[in-house]
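# Observations on chain architecture
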Amino acid sequence: MGRTMQISDSVVIKADAQSIWEQVADPQQMPRWSPENTSARTQSPVRPLEVGEDFEGSNRRGPATWVTECVVIESEPGRRFAFTVRRIGPRSPVLQGGIATWSYELEDLGSETRVTETWTDDRRKWPDWTAWLFDRIVTRGRSFADFQRLNVHRTLMAMKDDFKAGR
């Protein structure tokens, strides 16, 4: 059986799609919600980010830390924001290759918005056995899809709580 290469989860948030998009499309806001992302740096002071702009994300999982270089691949006000992770490394993003794509779809429901977060495994060139072994080491026994399923759910719940609190 092959790997699960994509997972998604959704939540309905009592906020308008444009307000949510403005914050999701500013990667510096992600540490408020993500269980792993600790900070983000952008080249441009202008937010939200547009297609083609890049940013660096700092991350932590237990004692492990790493930095990613990401590029925005979709940025449609009030509707969608997506980026791909194109480099990764322990202190700086030096290793290049397909790593992951993250997207946020926003569906306007009137006074609420359905937010769907999707993680796509872009390690398509990795043999399944290599990915299986690597995943179980860095996630303490799970596949990346199972691990990210929980992370995506945590992110969405934190986002819902954050908007509910009026932030």
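First, a word on scope: everything that follows refers to the structure included in this document. Being a predicted model, the structure only gives us computed values, none of them experimental. (Residues numbered from 1 in each chain as written. Predicted model: local features only at pLDDT ≥ 70, side-chain atom pairs only at ≥ 80, totals over all residues. Heavy atoms only, no water.)

Time to look at the layout of surface pockets. Looking at the largest pocket, its volume works out to about 1100 Å³. If you go around the largest pocket, you meet 48 residues; those closest to its centre are Arg61, Trp66, Thr68, Ile88 and Ile99. Broken down by secondary-structure element, the contributors of at least two residues to the lining of the largest pocket are strand 2 (37–42), strand 3 (54–61), strand 4 (64–76), strand 5 (80–89), strand 6 (95–108), strand 7 (113–121), helix 2 (128–138) and helix 3 (144–164). Per element, the largest residue contribution to the lining of the largest pocket is eight residues, and it comes from strand 6. Within the lining of the largest pocket, the residues separate by chemical class into 26 nonpolar, 13 polar and nine charged. (1 Å grid on protein atoms, 1.4 Å probe; cavity = no way out; pocket = protein on both sides within 12 Å on 5 of 7 lines; lining within 4 Å. Points joined across faces, edges and corners; volume = space filled by probe spheres on them. Helix = DSSP H or I, 4+ residues; strand = E, 2+ residues; numbered from the N terminus. Nonpolar A, V, L, I, M, F, W, Y, C, P; charged D, E, K, R; others polar.)

So, on to the sheet that holds strand 6. Read across the sheet, seven strands follow the order 1-7-6-5-4-3-2 without closing on themselves; strand pairing throughout is antiparallel. Looking at the sheet topology across the chains shown, the edges are occupied by strand 1 (6–13) and strand 2. With direction set aside, neighbouring strand axes in the sheet form an average angle of 25°. As defined by bridge partners, strand 4 adjoins strand 5 across nine bridges and the pair is classed as antiparallel. Within strand 5, the residue paired with valine 67 across the bridge is glycine 89. Its contacts with the sheet place helix 1 (residues 17–24) against strand 1, strand 4, strand 5, strand 6 and strand 7, and it is angled at close to 165° to strand 6. (Pairing = 2+ DSSP bridges. Axes fitted to C-alpha atoms, helices over the stretch in contact; angles between N-to-C directions. Contact = heavy atoms within 4.5 Å.)

What follows is about helix 3. Taking 1.5 Å as the rise per residue, helix 3 with 21 residues should run 30 Å; its terminal C-alpha atoms sit 30 Å apart, in good agreement. Every buried residue belonging to helix 3 is among Phe144, Ala145, Phe147, Gln148, Asn151, Val152, Thr155, Leu156, Met159, Asp162 and Phe163, and all of these are buried. Taken end-on, helix 3 shows its buried residues confined to a sector of 160°, consistent with a single buried face. Among the exposed residues of helix 3, those oriented more than 90 degrees off its buried face are Asp161 and Lys164. (Expected span 1.5 Å × (residues − 1). Buried < 20%, exposed > 50% of the residue type's maximum accessible area, 1.4 Å probe, protein only. Arc of directions from axis to C-beta.)

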